[in-house]
Amino acid sequence: MKPYKLYIPAQALGGMEALGQLGGAAHLEDDIRMCQEQTIEPYFRKHLPKNEKVLEAGSGRGRWVFYLRRLGYDIVGIDIAQSDIQFAKSFDSSVPIEYENVLQTSFVDGSFGAVISLGVVEHFEEGPQKAFAEVRRLLKPGGLFLVTVP
(Lines give C-alpha, C1' and ligand atoms only; values in the text may rest on other atoms or scores of the structure.)
Protein backbone atom coordinates (compact mmCIF):
# COMPACT_ATOMS: atom_id res chain seq x y z
CA MET A 1 0.00 0.00 0.00
CA LYS A 2 1.41 3.35 -1.01
CA PRO A 3 1.32 6.18 1.58
CA TYR A 4 -0.67 9.26 0.73
CA LYS A 5 -0.67 12.89 1.76
CA LEU A 6 -3.62 14.82 3.14
CA TYR A 7 -3.71 18.53 2.49
CA ILE A 8 -6.15 20.93 4.09
CA PRO A 9 -6.13 24.49 2.76
CA ALA A 10 -5.29 26.98 5.51
CA GLN A 11 -8.28 29.13 4.56
CA ALA A 12 -10.56 26.17 5.30
CA LEU A 13 -9.24 26.24 8.86
CA GLY A 14 -9.53 30.00 9.28
CA GLY A 15 -5.75 30.41 8.93
CA MET A 16 -3.05 28.22 10.42
CA GLU A 17 -2.41 30.68 13.23
CA ALA A 18 -5.96 29.94 14.42
CA LEU A 19 -4.95 26.34 15.10
CA GLY A 20 -2.65 27.44 17.88
CA GLN A 21 -5.36 29.57 19.49
CA LEU A 22 -8.23 27.10 19.79
CA GLY A 23 -9.67 27.19 23.28
CA GLY A 24 -8.20 28.61 26.45
CA ALA A 25 -7.39 27.26 29.88
CA ALA A 26 -11.02 26.38 30.59
CA HIS A 27 -11.15 24.41 27.35
CA LEU A 28 -7.99 22.48 28.30
CA GLU A 29 -9.47 21.69 31.70
CA ASP A 30 -12.57 20.32 29.91
CA ASP A 31 -10.30 18.23 27.65
CA ILE A 32 -8.50 16.85 30.69
CA ARG A 33 -11.79 15.92 32.36
CA MET A 34 -12.96 14.22 29.15
CA CYS A 35 -10.05 11.77 29.35
CA GLN A 36 -12.01 9.70 31.87
CA GLU A 37 -14.73 9.23 29.24
CA GLN A 38 -12.37 8.01 26.50
CA THR A 39 -12.57 4.32 25.60
CA ILE A 40 -8.79 3.92 26.01
CA GLU A 41 -8.74 5.30 29.57
CA PRO A 42 -9.51 1.96 31.33
CA TYR A 43 -6.65 0.34 29.41
CA PHE A 44 -4.27 3.04 30.61
CA ARG A 45 -5.38 2.52 34.22
CA LYS A 46 -5.05 -1.25 33.90
CA HIS A 47 -1.76 -1.51 32.01
CA LEU A 48 0.38 1.59 32.53
CA PRO A 49 2.96 1.08 35.28
CA LYS A 50 2.72 3.50 38.19
CA ASN A 51 6.20 2.61 39.42
CA GLU A 52 8.01 3.47 36.17
CA LYS A 53 8.30 6.47 33.88
CA VAL A 54 5.75 6.76 31.08
CA LEU A 55 6.24 8.76 27.89
CA GLU A 56 3.49 10.27 25.77
CA ALA A 57 5.04 10.66 22.32
CA GLY A 58 3.12 13.43 20.58
CA SER A 59 1.40 14.91 23.61
CA GLY A 60 0.17 18.12 21.98
CA ARG A 61 -1.26 20.38 24.68
CA GLY A 62 -0.86 17.57 27.17
CA ARG A 63 -4.35 16.60 28.22
CA TRP A 64 -3.27 12.99 28.85
CA VAL A 65 -0.10 14.12 30.61
CA PHE A 66 -2.16 16.31 32.95
CA TYR A 67 -4.80 13.64 33.48
CA LEU A 68 -2.41 10.77 34.17
CA ARG A 69 -0.25 12.92 36.47
CA ARG A 70 -3.37 13.63 38.51
CA LEU A 71 -3.83 9.86 38.83
CA GLY A 72 -0.29 9.46 40.14
CA TYR A 73 1.59 8.39 37.01
CA ASP A 74 5.15 9.59 36.41
CA ILE A 75 4.56 10.77 32.85
CA VAL A 76 6.53 12.96 30.47
CA GLY A 77 5.18 14.38 27.22
CA ILE A 78 7.02 15.29 24.06
CA ASP A 79 5.86 17.15 20.99
CA ILE A 80 7.26 19.14 18.06
CA ALA A 81 4.59 21.84 18.20
CA GLN A 82 6.17 24.68 20.18
CA SER A 83 2.84 26.52 20.42
CA ASP A 84 1.19 23.50 22.08
CA ILE A 85 4.06 23.13 24.53
CA GLN A 86 3.91 26.83 25.40
CA PHE A 87 0.15 26.60 25.86
CA ALA A 88 0.50 23.62 28.22
CA LYS A 89 3.20 25.40 30.22
CA SER A 90 1.07 28.55 30.45
CA PHE A 91 -1.66 26.36 31.95
CA ASP A 92 0.81 24.76 34.41
CA SER A 93 4.48 25.70 34.22
CA SER A 94 5.52 22.50 36.01
CA VAL A 95 4.08 20.17 33.36
CA PRO A 96 6.80 17.88 32.00
CA ILE A 97 6.19 18.41 28.29
CA GLU A 98 9.28 19.10 26.21
CA TYR A 99 10.24 19.77 22.63
CA GLU A 100 11.40 16.44 21.19
CA ASN A 101 10.83 14.54 17.96
CA VAL A 102 9.48 11.00 18.35
CA LEU A 103 11.70 9.93 15.44
CA GLN A 104 14.87 10.75 17.39
CA THR A 105 14.79 11.78 21.04
CA SER A 106 17.51 12.73 23.50
CA PHE A 107 16.42 10.15 26.08
CA VAL A 108 18.80 7.30 26.92
CA ASP A 109 18.02 3.72 25.99
CA GLY A 110 15.51 2.02 28.26
CA SER A 111 14.28 5.22 29.90
CA PHE A 112 10.60 4.27 30.06
CA GLY A 113 8.43 1.45 31.32
CA ALA A 114 5.69 2.44 28.87
CA VAL A 115 5.14 4.71 25.88
CA ILE A 116 1.78 5.90 24.63
CA SER A 117 1.26 7.52 21.25
CA LEU A 118 -2.21 8.57 20.23
CA GLY A 119 -2.84 9.58 16.64
CA VAL A 120 0.77 10.43 15.78
CA VAL A 121 2.51 7.72 13.73
CA GLU A 122 0.10 7.89 10.82
CA HIS A 123 1.42 11.36 9.99
CA PHE A 124 4.82 10.15 8.78
CA GLU A 125 4.88 10.01 5.00
CA GLU A 126 7.59 7.33 5.05
CA GLY A 127 5.57 5.17 7.46
CA PRO A 128 5.75 4.51 11.20
CA GLN A 129 8.85 2.27 11.23
CA LYS A 130 11.34 4.93 12.38
CA ALA A 131 9.03 6.06 15.20
CA PHE A 132 8.48 2.44 16.25
CA ALA A 133 12.25 1.81 16.29
CA GLU A 134 12.79 4.88 18.50
CA VAL A 135 10.06 3.76 20.90
CA ARG A 136 11.63 0.32 21.08
CA ARG A 137 14.96 1.95 21.99
CA LEU A 138 13.29 4.03 24.69
CA LEU A 139 11.44 1.14 26.32
CA LYS A 140 12.89 -0.97 29.10
CA PRO A 141 12.91 -4.73 28.38
CA GLY A 142 9.33 -5.92 28.67
CA GLY A 143 8.04 -2.34 28.40
CA LEU A 144 4.60 -1.52 27.03
CA PHE A 145 3.81 0.47 23.89
CA LEU A 146 0.21 1.60 23.45
CA VAL A 147 -0.39 3.20 20.07
CA THR A 148 -3.57 4.32 18.34
CA VAL A 149 -4.25 5.48 14.82
CA PRO A 150 -7.49 6.79 13.35
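Residues numbered from 1 in each chain as written. Predicted model: local features only at pLDDT ≥ 70, side-chain atom pairs only at ≥ 80, totals over all residues. Heavy atoms only, no water.

1. A word on the pattern of salt bridges
Between side chains of opposite charge, pairing is possible as soon as their charged atoms come close.
Phase 1: For the structure on display, the rule yields 10 salt bridges.
Phase 2: As a salt-bridge pair, Arg33 and Glu29 come within 3.8 Å of each other at their nearest N and O atoms. Here Arg33 and its partner Glu29 are both found in helix H2 (residues 25-34), four residues apart, which amounts to about one turn of the helix.
Phase 3: A residue is classified by how much of its surface remains accessible, and Arg33, at 44% relative accessible area, is partly exposed.
Phase 4: In this structure, Arg33 and Asp30 form a salt bridge, with 2.4 Å as the shortest nitrogen-oxygen distance. Pair noted here: Arg33 and Asp30 are both in helix H2, with a separation of three residues, about one helical turn.
Phase 5: Among the residues examined, Asp30 registers a relative accessible area of 38% and is labelled partly exposed. (Salt bridge = Lys/Arg side-chain N within 4 Å of Asp/Glu carboxyl O. Helix = DSSP H or I, 4+ residues; strand = E, 2+ residues; numbered from the N terminus. Buried < 20%, exposed > 50% of the residue type's maximum accessible area, 1.4 Å probe, protein only.)

2. Points about helix H5 (residues 82-91)
Phase 1: Of all the positions in H5, only Asp84, Ile85, Phe87 and Ala88 are classed as buried. Down the axis of H5, the buried set is contained in an arc of 160°. They therefore lie on one face. Turned more than 90 degrees off the buried face of H5, the exposed positions are Gln86 and Ser90. (Arc of directions from axis to C-beta.)

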